[in-house]
Amino acid sequence: MTTTTTESPSTAAHISPSNVLLEALGTTIRPELLVQALTHRSFSHEHPGALNYERLEFLGDAVLELVSTETLFAAHPDMSEGQLAKMRAKAVSEESLSAIARTKLNVGPYILLGHGEAEQGGSEKSSILCDIVESLIGATFLEHGIDGAREVVHRLIDDTLAEVATEGPALDWKTSLEIKSHQLGKGDPHYRMAVTGPEYAQIFTARALLGDDDTVYGVGKGSSKRKAQLAAAEAAWKALDK
């Protein structure tokens, strides 16, 4: 499979080393459904009639949330709803799922992208890699039902679910910073934002301040406002913890 538009979806299915990807997933998916699960909308825009992965992603997101929820619920009977929700959010975040796409599935070379998206490095974008993991889970659900999808989800995220249970403040840096700041009598955190770069590759910078103090306690950068604020909150929490 290729990240350019030189091949049609049907040809891509024939040349793809799909067995490698399916072995990593631990399941089977019929070729046409697998191609759809790997097709970004930029490719389908350039190839009318080619189905993209967005509907499969929608389905896979729901399956992933269900399986991760039932896993955490069973593994941590003494934790509150709030704690479980934070653990689940971290485990199925863009950061976590894109890491799975890179390290467990090595899915980047198989993604079908339009010319522009391919030239912008779309196969390495965390947002697209996260979507692909969810679309593959959705395709597995269509192929094998909830039991088959559950096996794939466990294969992909069980170690992540175990890891987030040990992360403490890292599970939610913004909430952790708020608690730390209140403990030190410094007031509520807030963030001063700036953005640079072209529209298709914006970089957000967040500066964490506390209460009425103009001191910048932490600075973070990211591809979204949320990511930048999380990075700034982490830096500020660590500064205060010293």
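For every chain, the first residue of its written sequence is number 1, and the numbers climb from 1 along that sequence. Local features in this predicted model are restricted to residues of pLDDT 70 or higher, and side-chain atom pairs are both shown and tallied only at a pLDDT of 80 or more, whereas totals for entire chains, interfaces and linings draw on every residue. Heavy atoms from the whole structure form the basis of all side-chain values; hydrogens and water molecules are not counted.

Peer 1: Honestly, the UniProt feature "domain: DRBM" (unreviewed entry) in the protein in this entry has me stumped. Any pointers?
Peer 2: UniProt positions are given in the numbering used here, feature names are shortened, and annotations may be inferred rather than shown by experiment. Residues annotated in UniProt with the feature "domain: DRBM" (unreviewed entry) correspond here to residues 189–242. Helix and strand assignments come from DSSP, with helices taken as H or I runs of at least 4 residues and strands as E runs of at least 2, each series counted from the N terminus. Counted over residues 189–242, helix gives 31% and strand 39%. Its end C-alpha atoms are 18 Å apart.

Peer 1: Explanation requested: the domain arrangement of the protein in the structure shown.
Peer 2: As a measure of interface size, the accessible area lost when the parts come together is often cited. Throughout, the edges of the domains are those of an automatic or database domain assignment. Splitting the protein by domain gives domain 1 (17–173) and domain 2 (186–241). Placing a centre on the C-alpha atoms of domain 1 and another on those of domain 2 gives a separation of 28 Å. Listed by partner, the interface residues are 5 residues for domain 1 and 7 residues for domain 2. Taking both partners together, domain 1 and domain 2 bury about 580 Å²; carbon and sulfur atoms supply 67% of that area. Salt bridges, as used here, are contacts in which a Lys or Arg side-chain nitrogen is within 4 Å of a carboxyl oxygen on Asp or Glu. Between the two partners, domain 1 and domain 2, sit 1 salt bridge. Put simply, E94 and K227 hold a salt bridge, and the shortest N to O gap is 2.2 Å. Any N or O atom pair separated by 3.5 Å or less is treated as a polar contact, with the protein-specific requirement of one donor-capable and one acceptor-capable atom, and with residues adjacent in sequence counted only for side-chain atom pairs. The interface formed by domain 1 and domain 2 holds 1 residue pair in polar contact (both at pLDDT 80 or more) in total. A class-by-class count of the residues in the side of domain 1 that touches domain 2 yields 2 nonpolar, 2 polar and 1 charged. When checking whether two residues touch, look at their non-hydrogen atoms; a contact exists if any pair is within 4.5 Å. Put simply, buried area is the surface a 1.4 Å probe can reach on two separate parts but cannot reach once they are joined, added for both. For this classification, the nonpolar set comprises Ala, Val, Leu, Ile, Met, Phe, Trp, Tyr, Cys and Pro, the charged set comprises Asp, Glu, Lys and Arg, and every other residue, Gly included, is treated as polar.

Peer 1: I'm lost on the pairing of strand β2 (residues 203–210) in this one. Help?
Peer 2: In regular strands, side chains alternate between the two faces of the sheet. Burial classification: accessible surface area is computed with a 1.4 Å probe over protein chains only, and a residue below 20% of its type maximum counts as buried, one above 50% as exposed, and the rest as partly exposed. Burial runs high along β2: 6 of the 8 residues are buried. Should DSSP find at least two bridges between two strands, the strands are regarded as paired. Pairing between strand β1 (residues 189–196) and β2: 8 bridges, direction antiparallel. Paired with R192 across the two strands is R207, which belongs to β2. Between β1 and the antiparallel strand that follows it, β2, lie 6 residues; G197 among them carries a positive phi value of about 90 degrees. Across 5 bridges, β2 lies against strand β3 (residues 218–222) in antiparallel orientation. Within β3, the residue paired with T205 across the bridge is K221.

Peer 1: Even after reading the chapter, I still don't get the packing of helix α7 (residues 94–105) against helix α9 (residues 126–164), so can you show me in this structure?
Peer 2: Interaxial angles span 0 to 180 degrees and are taken between N-to-C directions of axes, which are lines fitted to C-alpha atoms, for helices over the stretch in contact. Closest axis-to-axis distance for the α7/α9 pair is 5 Å, and the angle between their directions is 75 degrees. With respect to α9, the element α7 is oriented roughly perpendicular. Of the residues in α9, those in contact with E94, S96, L97, S98, I100, A101, R102, K104 and L105 of α7 are S126, S127, L129, C130, V133, E134, L136, R155, L156, I157, D159 and T160. Here the residues of the contact of α7 with α9 sort into 10 nonpolar, 5 polar and 6 charged. Every angle not falling under 35 degrees, over 145, or within 65 to 115 is termed oblique; those three ranges are roughly parallel, roughly antiparallel and roughly perpendicular.

Peer 1: Help me understand the pattern of salt bridges, please; the structure alone is not making it clear to me.
Peer 2: Proximity of charged atoms lets side chains of opposite charge pair with each other. Enumeration over the complete set of coordinates arrives at 13 salt bridges. Note that E32 and R30 form a salt bridge whose closest N and O atoms lie 3.4 Å from each other. Between E124 and R102 there is a salt bridge, and its shortest N-O distance comes to 3.5 Å. Remark: R102 occurs in helix α7 and E124 occurs in the loop between α8 (115–119) and α9; sequence separation between them is 22 residues. By relative accessible area, which is 33% here, R102 ends up partly exposed. By sharing partners, the salt bridges in this structure join R30, E32 and E143 into a single network.

Peer 1: Which parts of the structure should I look at to understand the packing of helix α5 (residues 54–75) against helix α6 (residues 81–91)?
Peer 2: Packed helix pairs are characterised by how far apart their axes lie and by the angle those axes make with each other. Closest axis-to-axis distance for the α5/α6 pair is 10 Å, and the angle between their directions is 135 degrees. Put simply, α5 runs oblique to α6. Helix-helix and strand crossings are classified by hand; for α5 and α6 the assignment is right-handed. Residues E65, S68, T69, L72 and F73 of α5 lie in contact with α6, whose contacting residues are L84, M87 and R88. Considering only residue class, the contact of α5 with α6 consists of 4 nonpolar, 2 polar and 2 charged. Here a crossing is called left-handed whenever its near helix is offset anticlockwise from the far helix by less than a right angle, and right-handed whenever the offset is clockwise.

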